[in-house]
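Structural overview
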Amino acid sequence: MVLFKNIGQLVTVGGKTPKMGLEMKELNIINDAYLIVENEKIIDFGIENKEFEESNFEKIIDVEGKVMMPGFVDPHTHFVFAGDRSKEFKMRLQGTPYIDILKNGGGILSTVNATRESPEQDLYLLSQKRAEKFLSYGVTTVEGKSGYGLDKKTELKQLKVMKEIDEKEDIDIVSTFMGAHAVPKKYKNNSGGYIYYLIEEVMPEVIDKNLAEFCDVFCDDGAFTYQESKKLLIAAAELGFKLKIHADEIKNTEASQLAGELNAVSAEHLLKASDEGLKSLKENNVIAVLLPLTAFSLQEKYADARKMIEMGIPVALATDLNPGSSYSQSIPLLLSLAVMYMELSPEEAITALTINAACALDQGDVIGSIEKGKRADLLIIDAPDYNHLFYNFGVNLVEKVFKNGNLVLDNNLNKRKI
Ligand code: NIG
Ligand code: FE
């Protein structure tokens, strides 16, 4: 057993199901607390008003009056890719719209070329480095999407890389198949043919090899239509995938309505979602995954998080790390944008990046809050109060990261602890 003692503020967040409305503000904090881990799970926690028999513990960790909280969960990223699109970033700064770059054969398609050419081992090393950086920001579980292959071989290569990182590295990975990320050159003007290829030839193999739990589609202007997305997702559900949708990011294409109609676990982006779309999310218990770093990078208006929370839609946050629209994995910047520009309270932002993010990965009963029986994925924040995560903006305050109760990263040492 491991005892964490002298915790100044234990931010438990609490719960196993998505929080909505006013619940998003409840962090269930215990001041001057202890926490006990056994067999990689949280088995007890509470106010530290008794002396512990120290010989009962293999390890005792003094939290020195700092904040302890659940590990962050990032439920939307595209972290497995090769190549560099910094030139496109400059074009966008000079006014070229993101989607025009894709329509002219760049954007996602440029990353596809680089990812196809990258040997699996190189792709592993690039992606592992990003996974490591996530961990240093306190992200203990991260979702990753394929979608930079757009052919069977490369899509499987991306998913295999994610599986290997999940097995070998300290961070947990949840994999999503996103072959429908763009129409590849080979199928130019034949997106229907590409959807058919994915359904018939690629998705059954992804399921057989147990390479992804979710299926996602970019249902938007310049990508896939409502009807194409619907066809793909219905086939995905039949094969056993859980569903996610990149919805209404560039234009409103009624993708949010589709998410509701198909009972997707989450709808993501939602910059241009309509009131009808949001109503459909609410009625069908779909989680809204919002991506402030993407809106920032695209210089677009942020998603209307306040409206969603007021409607009772559970809101989660994610980085959307990718080489085009959001080349950042900065959790500090994400949290700041959420409170400064999306008008989330600090409490709502923390809920959105912990329990609601876990629920967006269908893992609300395992991670995302401090509860007895949950996986001991925990952070020590170098501050006396969680509000410092916002007050001391742009700075990584994560001091130590514990995965399954074991110390896996200490930012003070500035290097991994083996
Ligand atoms: O979430 N919208 C589609 N996919 C990514 C961008 C991918 C890219 O530009 O490489 C996104 O924004
Ligand atoms: Fe994305």
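Numbering of residues starts from 1 in each chain and follows the order in which that chain's sequence is written. Chain letters and ligand numbers both follow the written order, the letters beginning at A and the numbers at 1. Since the coordinates come from a predicted model, pLDDT governs what is reported: local features require at least 70, and pairs of side-chain atoms require 80 or more to be given and counted, while whole-chain, interface and lining totals use all residues. Water and hydrogen atoms were dropped before computing side-chain values, which therefore reflect all heavy atoms in the structure.

**Considerations on the coordination of the iron ion (ligand 2)**
Taken together, the protein ligands of the iron ion (ligand 2) are His76 (NE2), His78 (NE2), His246 (NE2) and Asp320 (OD), with distances of 2.1 to 2.4 Å. Think of it in three bands: with a 1.4 Å probe and only protein chains considered, a residue is buried below 20% of the maximum accessible area for its type, exposed above 50%, and partly exposed in between. With a relative accessible area of 2%, His78 lands in the buried category. Note that water is not among the atoms used; donors are N, O and S atoms within 2.8 Å of the metal (3.2 Å for Na, K and Ca), so sites may look incomplete.

**Considerations on the nonpolar core**
If you look at soluble globular proteins, the nonpolar side chains tend to sit buried side by side. Take the buried residues of types Ala, Val, Leu, Ile, Met, Phe, Trp, Tyr and Cys, join any two whose side-chain atoms come within 4.5 Å, and each joined set is a nonpolar core. By size, the foremost hydrophobic cluster in this structure holds 131 residues, and its most contacted members are Phe72, Phe79, Phe177, Leu232 and Leu290. The dominant element in this core, judged by the number of residues it contributes, is helix H6 (residues 191-208), at eight residues. Shared between two domains, this core holds at least three residues of each, these being domain 1 (2-70 + 369-414) and domain 2 (73-359). Should any heavy atoms of two residues lie within 4.5 Å, those residues are counted as being in contact. Discounting chain neighbours no more than four positions away, the residues touching Phe177 are Ser146, Glu155, Leu159, Leu198, Val202, Met203, Val206, Ala212, Phe214, Cys215, Asp216 and Phe241. Counting residues in hydrophobic clusters, the runner-up holds 17 residues, among them Ile30, Met68, Ile370 and Ile380. By definition, any uninterrupted DSSP run of H or I lasting at least four residues is a helix, any uninterrupted run of E lasting at least two residues is a strand, and each is numbered from the N terminus. These domain boundaries are the output of an automatic or database domain assignment.

**Comments concerning unusual backbone geometry**
With the exception of glycine, the majority of residues adopt a negative phi angle, and the majority of peptide bonds are in the trans configuration. For Asn189, which is not glycine, the phi torsion reads 65° and is therefore positive. Mapped onto the elements of the fold, Asn189 is located in the loop between strand S8 (172-180) and H6. In this structure, His269 is a non-glycine residue whose phi angle is positive, near 90°. Within the secondary structure, His269 sits in strand S11 (residues 266-269). Note on His269: relative accessible area 2%, which makes it buried.

**Remarks on the environment of Gln158**
As for its placement among the helices and strands, Gln158 is situated in helix H5 (residues 152-168). A sequence separation of 34 residues divides Gln158 from Tyr124, and the C-alpha atoms of the two residues are 8.6 Å apart. Those residues in contact with Gln158, other than ones at most four positions away along the chain, are Val80, Thr115, Leu123, Lys145, Ser146, Gly147, Tyr148 and Gly149. There is a polar contact of 2.8 Å between the side chain of Gln158 and the backbone nitrogen of Tyr148. Counting of polar contacts relies on pairs of N or O atoms within 3.5 Å, with two restrictions inside protein: one atom must be capable of donating a hydrogen and the other of accepting it, and residues adjacent in sequence are counted only when both atoms are side-chain atoms.

**Structural notes on the packing of aromatic side chains**
Two rings from Phe, Tyr or Trp (for Trp, the six-membered ring) form a pair when their centres are within 6.5 Å of each other. A pair whose planes differ by under 30 degrees is stacked, one over 60 is edge-to-face, and the rest are tilted. Here the structure, examined in full by the defined rule, presents eleven aromatic pairs. Pairing Tyr187 with Tyr197 gives two aromatic rings, centres 5.8 Å apart and planes at 25°, and the pair type is stacked. Of the two residues, Tyr187 sits in the loop between S8 and H6 while Tyr197 sits in helix H6, which places them ten residues apart along the sequence. Among the residues examined, Tyr187 registers a relative accessible area of 14% and is labelled buried. Residue class for Tyr197 comes out buried when judged on its relative accessible area of 15%. Among the aromatic residues, those joined into a ring-pair cluster are Tyr187, Tyr194, Tyr197 and Phe224. Any Lys NZ or Arg CZ that is within 6 Å of a ring centre and within 35 degrees of that ring's normal is treated as a charge sitting over the ring. Here Lys168 stacks its cationic end above the ring of Tyr124, 5.5 Å away from the centre of that ring. When the ring centre of Phe214 is taken as reference, the NZ or CZ atom of Lys244 above it lies at 4.7 Å.

**Let's talk about the domain arrangement of the protein chain**
Looking at the assigned domains, one finds that the protein chain contains domain 1 (2-70 + 369-414) and domain 2 (73-359). The centre of domain 1, based on its C-alpha atoms, is set 29 Å off from the matching centre of domain 2. With 35 residues of domain 1 at the interface, the matching set in domain 2 holds 33 residues. A quick way to say it: buried area is the sum, across both parts, of accessible area lost when two parts are put together, with a 1.4 Å probe. Interface area, domain 1 with domain 2, both sides summed: about 2,600 Å², of which 68% is carbon and sulfur. Salt-bridge detection follows one rule: a side-chain nitrogen of Lys or Arg within 4 Å of a carboxyl oxygen of Asp or Glu. The tally of links from domain 1 across to domain 2 stands at three salt bridges. Here Lys403 ties to Asp172 by a salt bridge, and the two come within 2.6 Å at their closest N and O atoms. Counting across the domain 1 and domain 2 interface gives eight residue pairs in polar contact (both at pLDDT 80 or more). Every element with two or more residues in the side of domain 1 that touches domain 2 is listed here: strand S5 (67-70), helix H15 (388-391), strand S15 (398-403) and strand S16 (406-410). Top element by residues in the side of domain 1 that touches domain 2 is S15. It accounts for four residues. Its residues assigned to classes, the side of domain 1 that touches domain 2 shows 18 nonpolar, nine polar and eight charged. Nonpolar residues are Ala, Val, Leu, Ile, Met, Phe, Trp, Tyr, Cys and Pro. Charged residues are Asp, Glu, Lys and Arg, and all others, Gly as well, are polar.

**Structural notes on the pairing of strand S2 (residues 29-38)**
Here a strand pair is declared whenever DSSP counts at least two bridges between the two strands. When strand S1 (residues 2-11) meets S2, the two strands line up antiparallel, connected through seven bridges. Each bridged residue has a counterpart across the sheet, and for Leu3 the counterpart in S2 is Ile36. By the bridge criterion, six bridges tie S2 to strand S3 (residues 41-47) in an arrangement that is antiparallel. Paired with Leu35 across the bridge in S3 is Phe45. Count of turn residues in the S2/S3 antiparallel hairpin: two residues, of which Asn39 carries a positive phi of about 50°.

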